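Coordinate inspection notes
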Amino acid sequence: MSRTKKNKPGAKAQAVQAAVAPAAAAPAAESTEAKPAGGAKKGKLIRPRGKRGGVKHKKGGARAQQADVQNSALKEARKVKAKTTTADGQDHTDDTKAAPVPPAEHAEKIAKFHTLLKQLEQAKTAEEKDEIQAGLDSLGGLAQYQAWSLTGSAKAGQTPTSKWCMEALATVYQHGRDQPKFRVLDVGAITGTAYTKYRWVDATSIDLHPQGDNVLKYSFFDFPVPTAEAETYNMVALSLVINFVGDVRKRGEMLRHVHKYLPTSADVPGFCFLVLPLSCLTNSRYMNQSHLRSILDSLGFSVLKQSDSAKLSRWLLQRKPLAERREAAAKNENAAPGAGDEWDGTVFKKRELNPGKHRNNFAIVVDPKPE
């Protein structure tokens, strides 16, 4: 037998190999389909026939989708805090925790009262003044004005000005426990409860129309002047008082009159707490903060603390030492008659500082001579 013929498989062997070959090739084919070669190109993805996506193929079309969007927006709106629309067309968030505002009727009446006071200042003849005063009396006078102020302040949840005063005072003055109580003359006190929570304070409250049992009925100019050092007051509070005085000259006299109630001893400081409506300083033709500081300096007061809130301007003042006040009066070459310990003689007339059609006429005049 030749060598070539010996290595060649027989017919039976060829049949076995033919049967085994397809079985061995099957796993290789499966592996190739599961992991195609990196360079092999994928076949085209064929979407199965049926309902297609998109708005135009959706049931109901674009209108249905718009309705879905509106419903979704409605659900989101329900999650947002409710809003109320006022008569002025503005939206205001409904917040039950917000401080309530005074009723409109109170604000309207107070505004009318202020308008009449403004007209009273501008009146030239006695007949005009009597007519305007009759209008004030028809509204209830000062007593009714104070009642409106009390109602409005309480409902608005405003912080008492006395709290600011005591906090400001604590930064510049420390009252010892072994000292007598800190005496306060509260002018225009209305109810007389401003300083009751401070145990170290002994407050004497006066008002033209008292609204409390512990308030004495007095005008500041008529209240007895202390005749002994023990009767003096450590502080005089003029909270929203000066702006109510119709006579611009009396406003200056009221500030000067404060000196008569403060201690005369150089070792005991004397304070004054002054509160004005903010508009008296920011929207007046005849007054601003700089001008008020000049007036206070001329009247012998130093400004220790000053702060403005949304509607009020608050001032904590301290009387200057007697020697300093006398020196200022002596150096003033243009001092008017009447200059002395309570005033350096500088005259402050009613002159326009801030021109404007819609400004108010609040002013403070310091001048012993009639205009």
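Residues numbered from 1 in each chain as written. Predicted model: local features only at pLDDT ≥ 70, side-chain atom pairs only at ≥ 80, totals over all residues. Heavy atoms only, no water.

1. Notes on the nonpolar core
Formed by 35 residues in total, the largest nonpolar core has its most connected members in Leu 185, Phe 220, Val 236, Leu 238, Ile 242, Leu 274 and Leu 292. At the level of elements, β3 (182-187), β6 (235-239), α8 (248-257), β7 (271-277), α9 (279-282), α10 (289-298) and β9 (312-319) are the ones that each hand at least two residues to this core. Contact partners of Val 236, with chain neighbours within four places excluded, come to Leu 185, Val 187, Phe 220, Val 258, Tyr 261, Leu 262, Phe 271, Cys 272 and Phe 273. (Core = buried A, V, L, I, M, F, W, Y, C linked by side-chain atoms within 4.5 Å. Buried < 20%, exposed > 50% of the residue type's maximum accessible area, 1.4 Å probe, protein only. Helix = DSSP H or I, 4+ residues; strand = E, 2+ residues; numbered from the N terminus. Contact = heavy atoms within 4.5 Å.)

2. Topic: the layout of surface pockets
Taken as a whole, the second largest pocket spans an internal volume of roughly 430 Å³. Mapped onto the lining of the second largest pocket, the elements with two or more residues apiece are β9 and α11 (322-331). Split into classes, the residues belonging to the lining of the second largest pocket amount to 10 nonpolar, seven polar and eight charged. (1 Å grid on protein atoms, 1.4 Å probe; cavity = no way out; pocket = protein on both sides within 12 Å on 5 of 7 lines; lining within 4 Å. Points joined across faces, edges and corners; volume = space filled by probe spheres on them. Nonpolar A, V, L, I, M, F, W, Y, C, P; charged D, E, K, R; others polar.)

3. A closer look at the packing of aromatic side chains
One pair of aromatic rings is described through two measures. These are the centre distance and the angle between the planes. In the structure shown here, the tally under the stated rule is nine aromatic pairs. Seen from their ring centres, Phe 182 and Phe 271 are 6.3 Å apart, and the 40° between their planes marks the pair as tilted. In this pair, Phe 182 is assigned in strand β3 and Phe 271 in strand β7, connecting sequence segments 89 residues apart. You'll find Phe 182 and Phe 271 in the same group, each marked buried. The interplanar angle of 45° and the centroid separation of 6.2 Å between the aromatic rings of Phe 220 and Phe 221 together place this pair among those described as tilted. Here Phe 221 falls in the partly exposed class, since its relative accessible area comes to 32%. (Phe/Tyr/Trp six-rings, centres within 6.5 Å; stacked < 30°, edge-to-face > 60°.)

4. Focus on the side chain of Arg 249
Summarising the element assignment, Arg 249 is placed in helix α8. Buried charge Arg 249 goes without a salt bridge, the closest partner of opposite sign being Asp 367 at 4.3 Å. Here the side chain of Arg 249 touches Asp 367 through a polar contact of 2.5 Å, landing on its backbone oxygen. (Lys, Arg positive; Asp, Glu negative; His and termini not counted. Salt bridge = Lys/Arg side-chain N within 4 Å of Asp/Glu carboxyl O. Polar contact = N/O pair within 3.5 Å; in protein donor to acceptor, adjacent residues only side chain to side chain.)

5. As for helix α7 (residues 161-170)
Of all 10 residues in α7, seven are buried; the element is thus mostly enclosed. What α7 keeps buried is the set Thr 161, Ser 162, Trp 164, Cys 165, Met 166, Ala 168 and Leu 169. At its buried positions, α7 is contacted by β3, β4 (201-207), β6, β7, β8 (301-308) and β9.

6. Regarding a negative patch on the surface
On the surface, Glu 127, Glu 128, Asp 130 and Glu 131 cluster together into a negatively charged patch. Residue class for Asp 130 comes out exposed when judged on its relative accessible area of 54%. (Patch = residues over 30% accessible without salt bridge, like charges linked within 9 Å, V, L, I, M, F, W, Y side chains within 5 Å. Areas by Shrake-Rupley, 256 points an atom, 1.4 Å probe, with all protein chains shown as cover. Charge placed at Lys NZ, Arg CZ, Asp CG, Glu CD.)

7. Some words on the pairing of β3
Judged by how many residues are buried, β3 sits mostly within the fold: five of six residues are covered. Examined bridge by bridge, β3 and β4 share six bridges and lie parallel to one another. Within β4, the residue paired with Asp 186 across the bridge is Ser 205. Taken together, the four bridges between β3 and β6 define a ladder with parallel strand orientation. Note that in β6 the partner of Asp 186 across the bridge is Ala 237. (Pairing = 2+ DSSP bridges.)

Nothing here speaks to function; it is geometry throughout.
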